[in-house]
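# Observations on chain architecture
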Amino acid sequence: MSGIVESAGTEAAQQLPGEQGESALPKEHAEQNGTVRRALLDAALAVFSERGYTDAGLTEIAARSGIPVGSLFQHYGGKRGLYLALWEEFREEQERRTAATLAAERGRGVDDPIALFVAGTRAYLEGAWDNRRLGMLLVEDDGPAGFDALRRQWDRAWVRRNARLLEVDERRRAGRVRVSVLTTVIGGAARELGDCRDETEAREIVDEVCGILIHLSAPPGP
């Protein structure tokens, strides 16, 4: 769902309606557009979470946001645009969080690939807990047409970035499989965090997973 290193962007999210040319708008118009989009995304998250993507209605989303349906279409083009914008927001925030953690660790002189990988994982999982409502929505099977393919594409990119962080030779099948397993563990843990009762339980899971990854990340002996 997201990566541990740098942002890669997505063509689908980059082409959302209403996102082009805003930097050229007067400041007050840009701020107003930002407020409108925030209200629409918050309402969309609430309705998608309660009803699922398929059964969610644009009329209800507009009513909850207090924004006319016409403005919704102007900014996002419909339900698909809203959903992809939520996904992009989640992905970008997770990447920002993990990138900042990696930069801080490297700034302290940490250069061990496994230590960096685990630090990035911890940041990612803490972000999954903090944004669990949105994260749980995005792992459900009920999304717009084509989203599963987009998510699989992103997951493959995530594995490749983790391989680079761990300095694994991607030409070796065994190395690719090891990184794929590690990435799957992180994704599964992120989903479990969505069902945690409280922050204490969430922290226990994060600590447990990071401990597991330390052992699993070590390359096999000769």
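Now for a quick tour of the structure. Since the model is a prediction, treat every value here as computed from it, not as a measurement. For every chain, the first residue of its written sequence is number 1, and the numbers climb from 1 along that sequence. The model is predicted, so local features are restricted to residues of pLDDT at least 70 and side-chain atom pairs to those at 80 or more, both for listing and for counting; the totals for chains, interfaces and linings are taken over all residues. The side-chain figures draw on all heavy atoms in the structure; neither hydrogens nor water molecules are used.

### So, the nonpolar core
Judged by nonpolar contacts, the single largest core of 29 residues is most densely connected at Phe48, Ile61, Leu82 and Leu86. Here a helix means four or more residues in a row that DSSP labels H or I, a strand means two or more in a row labelled E, and each is numbered from the N terminus. Mapped by element, the contributors of at least two residues to this core are helix 2 (27-55), helix 3 (58-65), helix 4 (69-76), helix 5 (79-107), helix 7 (132-139) and helix 8 (147-165). A per-element tally of this core places helix 2 first, with nine residues. When residues no more than four places from it in sequence are discounted, the contact partners of leucine 82 are Leu40, Leu41, Ala44, Phe48, Leu58, Ile61, Leu72 and Tyr76. Counting residues in each nonpolar core, the second largest holds 27 residues, with Ala163, Val168, Val179 and Ala202 among its members. Take the buried residues of types Ala, Val, Leu, Ile, Met, Phe, Trp, Tyr and Cys, join any two whose side-chain atoms come within 4.5 Å, and each joined set is a nonpolar core. Summary of the burial criterion: residues with accessible area below 20% of their type's maximum are buried, those above 50% are exposed, and those between are partly exposed, where the area comes from a 1.4 Å probe applied to protein chains only. Here a residue-residue contact requires only that any non-hydrogen atoms of the pair lie within 4.5 Å.

### A few points about unusual backbone geometry
For glutamate 167, which is not a glycine, the phi torsion comes out positive at approximately 55°. Tracing the sequence through the fold places glutamate 167 in the loop between helix 8 and helix 9 (173-193). Given a relative accessible area of 63%, glutamate 167 falls into the exposed group.

### Details of the packing of helix 8 against helix 9
Helix packing for two helices is described by the angle between their axes and how far apart those axes are. Their axes nearest at 9 Å, the elements helix 8 and helix 9 cross at an angle of 115°. Seen along the crossing, helix 8 lies across helix 9 with a hand that is right-handed. Here Trp158, Val159, Asn162 and Ala163 of helix 8 come into contact with helix 9, specifically with Val179, Ser180, Thr183, Ile186 and Gly187. Across the contact of helix 8 with helix 9, the residue classes tally to five nonpolar, four polar and no charged. An axis is simply a line fitted to the C-alpha atoms; with a helix, the fit covers only the stretch in contact. Between two such axes, the angle follows the N-to-C directions and lies from 0 to 180 degrees. Take the far helix as the reference: if the near one is turned anticlockwise from it by less than a right angle, the crossing is left-handed, and if turned clockwise, right-handed. Note on residue classes: Ala, Val, Leu, Ile, Met, Phe, Trp, Tyr, Cys and Pro are nonpolar, Asp, Glu, Lys and Arg are charged, and everything else, Gly too, is polar.

### Re the pattern of salt bridges
Basic side-chain nitrogens of Lys or Arg form a salt bridge, by our definition, when they fall within 4 Å of a carboxyl oxygen of Asp or Glu. Under the criterion given, the structure shown has 15 salt bridges. Residue aspartate 42 pairs with arginine 38 through a salt bridge whose shortest N-O separation is 3.1 Å. Here aspartate 42 pairs with arginine 38, and both are found in helix 2, just four residues apart, close to one helical turn. Looking at aspartate 42, the relative accessible area reads 40%, which means it is partly exposed.

### A closer look at the packing of aromatic side chains
Pairing of aromatic side chains here covers Phe, Tyr and the six-membered ring of Trp, requires ring centres within 6.5 Å, and sorts the geometry by plane angle: under 30 degrees stacked, over 60 edge-to-face, intermediate tilted. Counted by the stated rule, this structure contains six aromatic pairs. Relative to phenylalanine 147, the ring of tryptophan 87 has its centre 5.5 Å away and its plane inclined at 90°; by these criteria the two rings are edge-to-face. Placement of tryptophan 87 in helix 5 and of phenylalanine 147 in helix 8 is noted, with a sequence separation of 60 residues between them. The pair tryptophan 87 / phenylalanine 147 is uniform in exposure class, with both members buried. Counting every residue linked through ring pairs, the aromatic cluster contains Phe48, Tyr53, Tyr83, Trp87 and Phe147. Put simply, a charge is over a ring when the Lys NZ or the Arg CZ is close to the ring centre, within 6 Å, and near the line of the ring normal, within 35 degrees. Residue placement shows lysine 79 over the ring face of tyrosine 53; its charged tip is 4.6 Å from the ring centre.

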